Amino acid sequence: MFQGETAITLDDKGRIAIPAAYRELVAKASANRLVVTYNPFEHGCLWITPENAWEELRDQVNALSKTKSAHRILQMKLVGAAAHVEPDGNGRILLPASQRAATGIEKRAVLLGMGDRFELWGEQAHLAKIRETIGEDQITEDMAELKL
């Protein structure tokens, strides 16, 4: 399980280093194969998913009817944009230039461990999102049951 927040710097080639604490987990979870794609729900963010977890998600998304616009958008953002990457000997992965440009991820970013995947946020998008609060009218029944 991936969890935690790490400030990340992209190098001049658009690579990020997977934090050393996660490298062994990535290797075990996916034989060092990851998939980078858009977060379909949040602007300014990419998902980085171990390949085995990705394949299950990809199959579920592809099984959706292509006659609904929302399904096609989800398929485009997740499956159509998916890029397979493998960490090099230094634990770095190359992020596709098109994905970096579309999300505004430039030199500084934040990597979040989100359970079965990572989220990579541009620094400013992350700051804006983390400053948002959850209003009382947004609390779901499931959230109300949590003992926070």
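In short, a report on the structure. Since the structure is predicted, the reported quantities are computational estimates derived from the model, not experimental observations.

We now examine helix H2 (residues 51-62). Relative to the 16 Å expected for 12 residues at 1.5 Å per residue, H2 spans 16 Å between its end C-alpha atoms, a close match to the ideal helical length. Looking at H2, one finds that the buried residues are Glu51, Trp54, Leu57 and Val61. Down the axis, H2 shows its buried residues gathered within 120 degrees of arc, on one side only.

The next subject is helix H3 (residues 69-80). Of the residues making up H3, those classed as buried are His71, Leu74, Gln75 and Leu78. Around the axis of H3, the buried residues are gathered within 100 degrees of arc, so they sit on the same side. Of the exposed residues in H3, those oriented more than 90 degrees away from the buried face are Met76 and Gly80. Check the buried side of H3 and you find it contacts strand S3 (34-38), strand S4 (45-50) and H2.

This next bit is on the packing of aromatic side chains. Per the stated rule, a full pass over the model turns up 4 aromatic pairs. With centroids separated by 5.8 Å and ring planes inclined at 80 degrees, the aromatic side chains of Phe2 and Tyr22 adopt a geometry described as edge-to-face. Residue Phe2 is located in strand S1 (residues 2-9), and its partner Tyr22 is located in helix H1 (residues 20-30); the two are separated by 20 residues in the primary sequence. A residue is classified by how much of its surface remains accessible, and Tyr22, at 9% relative accessible area, is buried. Every member of this aromatic cluster is reached through a ring pair, and the members are Phe2, Tyr22 and Phe118.

Once that is clear, we can look at the packing of H2 against H3. How two helices pack is summed up by the angle between their axes together with the distance between the axes. Relative to each other, H2 and H3 sit at 155 degrees, their axes nearing to 10 Å. As judged from the angle between their axes, H2 and H3 are roughly antiparallel. Between H2 and H3 the crossing geometry is left-handed. Where H2 abuts H3, its residues Trp54, Leu57, Arg58, Val61 and Asn62 lie against Leu74, Gln75, Leu78 and Val79. The residue makeup of the contact of H2 with H3, split by class, is 6 nonpolar, 2 polar and 1 charged.

Turning our eyes to something else, we now look at unusual backbone geometry. Notably, Ala31 is not glycine yet its phi reads approximately 55 degrees, a positive angle. With respect to the helices and strands, Ala31 occurs in the loop between H1 and S3. A relative accessible area of 60% means that Ala31 is categorised as exposed. Positive phi, close to 70 degrees, is recorded for Asn32, a residue that is not glycine. Within the fold, Asn32 resides in the loop between H1 and S3.

The rules behind these values
Residues numbered from 1 in each chain as written. Predicted model: local features only at pLDDT ≥ 70, side-chain atom pairs only at ≥ 80, totals over all residues. Heavy atoms only, no water. Helix = DSSP H or I, 4+ residues; strand = E, 2+ residues; numbered from the N terminus. Expected span 1.5 Å × (residues − 1). Buried < 20%, exposed > 50% of the residue type's maximum accessible area, 1.4 Å probe, protein only. Arc of directions from axis to C-beta. Contact = heavy atoms within 4.5 Å. Phe/Tyr/Trp six-rings, centres within 6.5 Å; stacked < 30°, edge-to-face > 60°. Axes fitted to C-alpha atoms, helices over the stretch in contact; angles between N-to-C directions. Parallel < 35°, antiparallel > 145°, perpendicular 65-115°, else oblique. Left-handed = near helix turned anticlockwise from the far one by under 90°. Nonpolar A, V, L, I, M, F, W, Y, C, P; charged D, E, K, R; others polar.

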